[in-house]
Amino acid sequence: GAVVSQHPSRVICKSGTSVKIECRSLDFQATTMFWYRQFPKQSLMLMATSNEGSKATYEQGVEKDKFLINHASLTLSTLTVTSAHPEDSSFYICSYLLTDRDTQYFGPGTRLTVL
Amino acid sequence: GQQVMQIPQYQHVQEGEDFTTYCNSSTTLSNIQWYKQRPGGHPVFLIQLVKSGEVKKQKRLTFQFGEAKKNSSLHITATQTTDVGTYFCAGLEGNNRLAFGKGNQVVVIP
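Residues numbered from 1 in each chain as written. Chains lettered and ligands numbered in written order. Predicted model: local features only at pLDDT ≥ 70, side-chain atom pairs only at ≥ 80, totals over all residues. Heavy atoms only, no water.

### Remarks on the state of the cysteines
All names here are of chain A.
- Within this structure, the stated rule accounts for 2 disulfides over all chains.
- At a sulfur-sulfur separation of 1.9 Å, the disulfide partner of C23 is C94. A torsion of 80° about the S-S bond marks the disulfide between C23 and C94 as right-handed. Separated by 71 residues along the polypeptide, C23 in strand β3 (residues 19-25) and C94 in strand β9 (residues 90-98) bring together distant segments of the chain. (Disulfide = S-S within 2.5 Å. Helix = DSSP H or I, 4+ residues; strand = E, 2+ residues; numbered from the N terminus.)

Right, dumping it as structure tokens:
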């Protein structure tokens, strides 16, 4: 149980375009989810915390107008990278919080390359 | 916020040998979690430790939470090639956020 999917798994786009990443919990529902970014050989950096039906809370240094989060249901959240630039190239990973276990279950990640 | 530090950052381990990776926090943790990320993969939850001095085992893996709840360790015995990857510890912050350490990248030498 606790399977999380992300789509797409890889995306290559031109500079200036927008990219939407979907994160779904397949066999459970959860109110709280997180978006992380991971640069090569580095740790996971939390970008934002999102509760279903509410506005996301962004970490310091993460632009909310650039990284748009929509969390409209208990099983689906999307992250849109607007006007992407090469420095936005990274591995984006979502996770859902299972509050009864205080643990997070991660999606497989989306590798974004901006040319 | 919490600062979670892991040492070492990199380890080369001969297959069959044992190794330990350590996690230290600047503050007392309510719980600590360990994750493993294989090369090219995503973090996978391994275990959660909550109680002071707690020790949990998963086959060849032994996890320990310090008495002061500020440090933790993961000890792996008889290392196998499948143990390759990066091991992250993470401290749970009050608002359900996880503060991840930088990870310990483990390379297994056959």
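### As for the environment of K70(B)
Residue and element names in this part refer to chain B.
- Among the secondary structure elements, K70 is positioned in the loop between β7 (61-65) and β8 (71-76).
- Among the residues examined, K70 registers a relative accessible area of 33% and is labelled partly exposed.
- Once the C-alpha coordinates of K70 and R97 are considered, the two residues, 27 residues apart in sequence, prove to be 17 Å apart.
- Residues contacting K70, with those up to four places away along its chain left out, are C23, N24, S25, S26, T27, T28 and F65. (Buried < 20%, exposed > 50% of the residue type's maximum accessible area, 1.4 Å probe, protein only. Contact = heavy atoms within 4.5 Å.)

### Considering the side chain of Q38(A)
- Assignment of secondary structure puts Q38(A) in strand β4 (residues 32-38).
- Apart from residues lying up to four places away in sequence, Q38(A) is in contact with S43(A), L44(A), S90(A), F91(A), I93(A), Q37(B) and F88(B).

### Remarks on the layout of surface pockets
- What the largest pocket holds in volume is close to 680 Å³.
- For the lining of the largest pocket, the secondary structure elements donating two or more residues are β5 (45-51) of chain A together with β1 (4-7) and β10 (98-100) of chain B.
- When grouped by side-chain class, the residues that make up the lining of the largest pocket number 10 nonpolar, 9 polar and 6 charged.
- One number sums up the size of the second largest pocket: a volume of about 440 Å³. (1 Å grid on protein atoms, 1.4 Å probe; cavity = no way out; pocket = protein on both sides within 12 Å on 5 of 7 lines; lining within 4 Å. Points joined across faces, edges and corners; volume = space filled by probe spheres on them. Nonpolar A, V, L, I, M, F, W, Y, C, P; charged D, E, K, R; others polar.)

### Structural notes on the pairing of strand β9 (residues 85-92) of chain B
Residues and elements named next belong to chain B.
- Among the 8 residues in β9, 8 count as buried, and that is most of the element.
- Across 3 bridges, β9 lies against strand β11 (residues 104-109) in antiparallel orientation. From the neighbouring strand, G85 faces β11, where its bridge partner is V106.
- Across 3 bridges, β9 lies against β10 in antiparallel orientation. Within the sheet, the bridge partner assigned to L92 lies in β10 and is L98. (Pairing = 2+ DSSP bridges.)

### Here we look at the interface of chain A and chain B
- Taken together, the contact between chain A and chain B spans 21 residues of the former and 18 residues of the latter.
- Summed over both partners, the interface of chain A with chain B comes to about 1,500 Å²; 54% of that surface belongs to carbon and sulfur atoms.
- Sorting the residues of chain A by area buried against chain B places S43(A), D102(A) and F106(A) first, and these three jointly supply 28% of that buried surface.
- Applying the counting criterion to the chain A and chain B interface returns 1 salt bridge.
- Between R97(B) and E59(A) there is a salt bridge whose closest N-O contact spans 2.5 Å.
- Linking chain A with chain B are 4 residue pairs in polar contact (both at pLDDT 80 or more), by the criterion used here.
- Contributing elements (two or more residues each) for the side of chain A that touches chain B: β4, β5, β9 and β10 (103-106) of chain A. (Buried area = accessible area lost by both parts, 1.4 Å probe. Salt bridge = Lys/Arg side-chain N within 4 Å of Asp/Glu carboxyl O. Polar contact = N/O pair within 3.5 Å; in protein donor to acceptor, adjacent residues only side chain to side chain.)

### Concerning the confidence of the model for chain B
- Of all residues in chain B, 97% have pLDDT values of 70 or greater, and the mean over the chain is 93.
- When mean pLDDT is taken per element in chain B, β7(B) scores highest with 98 and β10(B) scores lowest with 88. (pLDDT = per-residue confidence, 0-100.)

### A word on the sheet that holds strand β8 (residues 76-81) of chain A
Residue and element names in this part refer to chain A.
- Read across the sheet, 4 strands follow the order β1-β3-β8-β7 without closing on themselves; strand pairing throughout is antiparallel. Strands with a single pairing partner mark the edges of an open sheet, and in this sheet they are β1 (4-7) and β7 (67-70). The sheet shows a mean angle of 15° between the axes of neighbouring strands, direction not considered. (Axes fitted to C-alpha atoms, helices over the stretch in contact; angles between N-to-C directions.)

### Some remarks on unusual backbone geometry
- In this structure, P8(A) follows H7(A) across a cis peptide bond, with omega equal to 0°.
- With respect to the helices and strands, P8(A) occurs in the loop between β1 and β2 (10-13).
- Here I7(B) and P8(B) are connected by a cis peptide whose omega angle stands at -10°.
- Note on placement: P8(B) falls in the loop between β1 and β2 (10-14).
- Even without being a glycine, K59(B) presents a positive backbone phi close to 55°.

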